[in-house]
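# Reading the structure
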Amino acid sequence: MDLLGGTGGPVRIAGRELPRDELFGWASAVAAEIRGADAVAVIATASLETVVAVVGGLLAGVPVVPVPPDSGPAERAHILADSGASMLLADGGAKVSPSEPPLLPVDWLPRHGDGGNGGNGEVPADATALILYTSGTTGAPKGVLISRSAIAAGLDALAEAWAWTPGDVLVHGLPLFHVHGLVLGVLGPLRVGSPLVHTGRPKPELYAAAAQDDGGSLFFGVPTVWSRTAADPSTAEALRGARLLVSGSAPLPVPVFERLSALTGHRPVERYGMTETLITISARAEGDRRPGHVGTPLHGVRTRLAAEDGSAVPSDGETPGELHVRAPLLFKGYLNRPEATAKSFTPDGWFRTGDIATIGPDGWHRIVGRASTDLIKSGGYRIGAGEIENALLAHPAVREAAVVGTPHDDLGEQVTAYVVADGVGEKALIDFVAERLSVHKRPRVVHLVGSLPRNAMGKVVKTRLSEL
Ligand code: MLC
Ligand code: AMP
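To keep things clear, this report deals only with the structure shown in the data block. In this text the structure is predicted, and so the values were computed from the model without any measurement.

## With respect to the packing of helix α2 (residues 48–60) against helix α5 (residues 179–192)
Between α2 and α5, the least distance of the axes is 12 Å, while the angle of their chain directions is 70°. Considering their axes alone, α2 and α5 lie roughly perpendicular with respect to each other. Taking contact as the criterion, the partners of Val51, Val54, Val55 and Leu58 in α2 are, on α5, Leu182, Val186, Leu187 and Leu190. Considered class by class, the residues forming the contact of α2 with α5 number eight nonpolar, no polar and no charged.

## Considering helix α12 (residues 426–436)
Leu429, Ile430, Phe432, Val433 and Ala434 are the residues of α12 that are buried. Structurally, α12 contributes buried residues whose contacts are with α11 (385–393), β23 (398–408), β24 (412–421) and β25 (445–448).

## With respect to unusual backbone geometry
Most of the time, phi is negative for any residue but glycine, and the peptide bond is trans. Phi is positive for serine 249, which is not a glycine, with a value near 90°. Position of serine 249 relative to the elements: it lies in the loop between β12 (244–247) and α9 (254–264). Residues other than glycine seldom take positive phi values, yet asparagine 336 does so here, at roughly 65°. Positionally, asparagine 336 belongs in the loop between β18 (333–334) and α10 (338–343).

## Notes on the site of ligand 1
The local shell around ligand 1 holds 22 residues, among which Ser249, Arg271, Gly379, Asp431 and Arg444 are the closest. A distance of 2.6 Å separates an oxygen atom of ligand 1 from a polar side-chain atom of serine 249. Lysine 377 is positioned with one of its side-chain polar atoms (N or O) 2.9 Å from an oxygen atom of ligand 1. Considered on its own, ligand 1 offers 1100 Å² of accessible surface; in the complex 72% of this is hidden by protein.

## Structural notes on the pattern of salt bridges
Across all of its chains, the model carries 23 salt bridges by this definition. A salt bridge links glutamate 237 to arginine 240, with the shortest nitrogen-to-oxygen separation between them at 3.4 Å. Overall, glutamate 237 belongs to the partly exposed group, its relative accessible area being 39%. A relative accessible area of 42% means that arginine 240 is categorised as partly exposed. Between arginine 454 and glutamate 400 there is a salt bridge, and its shortest N-O distance comes to 2.7 Å. Placement of the pair is arginine 454 in the segment after β25 and glutamate 400 in strand β23, with a sequence separation of 54 residues. Within the structure, one salt-bridge network assembled from shared partners comprises Arg12, Glu17 and Asp214.

## Let's talk about the sheet that holds strand β14 (residues 278–282)
Across the sheet, nine strands lie side by side as β2-β1-β10-β9-β11-β12-β13-β14-β15; this open sheet has mixed pairing. Each of the sheet's edge strands pairs with one partner strand only, and the pair in question is β2 (16–18) and β15 (296–297). By the bridge criterion, three bridges tie strand β1 (residues 11–13) to β2 in an arrangement that is antiparallel. By the bridge assignment for β2, isoleucine 13 is matched with arginine 16. Of the strands in this sheet, β1 and β2 are in contact with α2, which crosses β2 at around 30°.

## Re the pairing of β14
The element β14 is extensively covered by neighbouring structure, given that five of its five residues are classed as buried. Across four bridges, strand β13 (residues 269–274) lies against β14 in antiparallel orientation. Looking at β14, one finds that arginine 271 is bridged to serine 282. Here β13 folds back onto β14, and the loop between the two strands holds three residues. Where β14 meets β15, two bridges bridge the pair, whose relative direction is antiparallel. Considered in β15, the bridge of isoleucine 281 is made with proline 297.

Rules used throughout
- Residues numbered from 1 in each chain as written.
- Chains lettered and ligands numbered in written order.
- Predicted model: local features only at pLDDT ≥ 70, side-chain atom pairs only at ≥ 80, totals over all residues.
- Heavy atoms only, no water.
- Axes fitted to C-alpha atoms, helices over the stretch in contact; angles between N-to-C directions.
- Helix = DSSP H or I, 4+ residues; strand = E, 2+ residues; numbered from the N terminus.
- Parallel < 35°, antiparallel > 145°, perpendicular 65-115°, else oblique.
- Contact = heavy atoms within 4.5 Å.
- Nonpolar A, V, L, I, M, F, W, Y, C, P; charged D, E, K, R; others polar.
- Buried < 20%, exposed > 50% of the residue type's maximum accessible area, 1.4 Å probe, protein only.
- Near = heavy atom within 4 Å.
- Polar contact = N/O pair within 3.5 Å; in protein donor to acceptor, adjacent residues only side chain to side chain.
- Areas by Shrake-Rupley, 256 points an atom, 1.4 Å probe, with all protein chains shown as cover.
- Salt bridge = Lys/Arg side-chain N within 4 Å of Asp/Glu carboxyl O.
- Pairing = 2+ DSSP bridges.

Any functional reading would require information beyond the geometric quantities listed.
Here it is, written out as structure tokens:
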């Protein structure tokens, strides 16, 4: 199965551009170096090197593990050890410690290999293409195994839903280590054939410049990007000539939808997904777009709602239930965690998203919350409370810690920590976490408290933390 098209527009990342044939030539050189490896890790900076390394992995049929470039030592060590990556792909300037897998400097490889798409048709469709690390409610992040066939099915369903063609110019600046920025935002244009303009960072003013100077037609953003755009009228105006503005990874607030529509003349297309499922639900390019709603299931996707006891919930647009999905684009499981994988499916084979939704009689879905308070969405990043609590508890002065998401105008939710500690300040604790984990996981607010509210079993009652 050819996952990527060998022809199509150029790829530009943070101002550096490569035509498609040179990109595949360079990636073929990577593929030649890594063929046969069990898995390779990529320090996923927003750069051409990252794209070349990921494409090289796909050409060679070697699972690629993107590592957030700012992940602190604890997070990085976990990802490298858990994934079993035998090489680290990055530019030659990357710092690699002696305990880590050896560095393959991507920028030192020849940039003109054999071109073409490297004959990736020989790799089986169910082979793992990517291992994406994502937060659970407790413990360290889990590796989500994503197959080539899931990526192909997911991207084809999106191309159909959004009428995405080689004639589009895709613009975004999202990080290249998650589904949104990497699968949709890089593999998407490589499969569809459209040029990509990656702005380096997802800043509204850079999106506006790409709309005006590069003919950007299709724009991807997390809600924080769109709310920052909506707060800046002249930047928003620059997007009037676009074809489609797409929002996802977290709920798009209704006032942001309305303001963006008024300023740009485009009602944004909202879509819903997860690392484990890729994108399953979306509004369509041709059709209705409703504020507060994420659309209808994509081609090949089935959904249902279940009550806590597992019984069916009616699609009446009002009764909430946990959203279950079935689709050819689901993940293969969590790496090395068969129990977690089994727990994430119902006995009859549906994936439990953990999101609470309603479904209208017309099939329109609304996400109304999450089943667990322990998964936080901040700026579109998924952050597990348990991972932050463990990082805080590693500080010698911290005795107890509880982390929740609290509402935040810009980020949707912000990481908020309640900590029982002796002789340490809030800022020192924020910096302590930022040094160990990716900086977006740091608490934005720390409340130092005398004790945490607990139930009779001794478990922290997170719903009572705000009373402190
Ligand atoms: C701040 N900084 C610190 C620090 N405090 N550094 C060290 N120690 C501290 N204590 C620095 C950071 O390094 C960074 O520097 C800067 O401050 C701000 O960091 P930030 O908080 O990350 O930036 P911010 O502007 O607040 O981020 C907003 C954002 C970002 C929207 C740009 O949240 C983002 O990129 N979100 C996208 C998430 C995403 O792609 N999710 C998709 C998941 S897939 P510097 O130098 O870096 O500026 C998925 C599936 C689906 O969900 O449905 O799509
Ligand atoms: P991640 O695994 O990082 O992809 O995060 C997946 C989670 O993001 C989902 O379980 C949802 O909670 C949330 N999410 C993604 N898209 C949307 C959306 N359009 N509206 C509301 N929540 C969303």
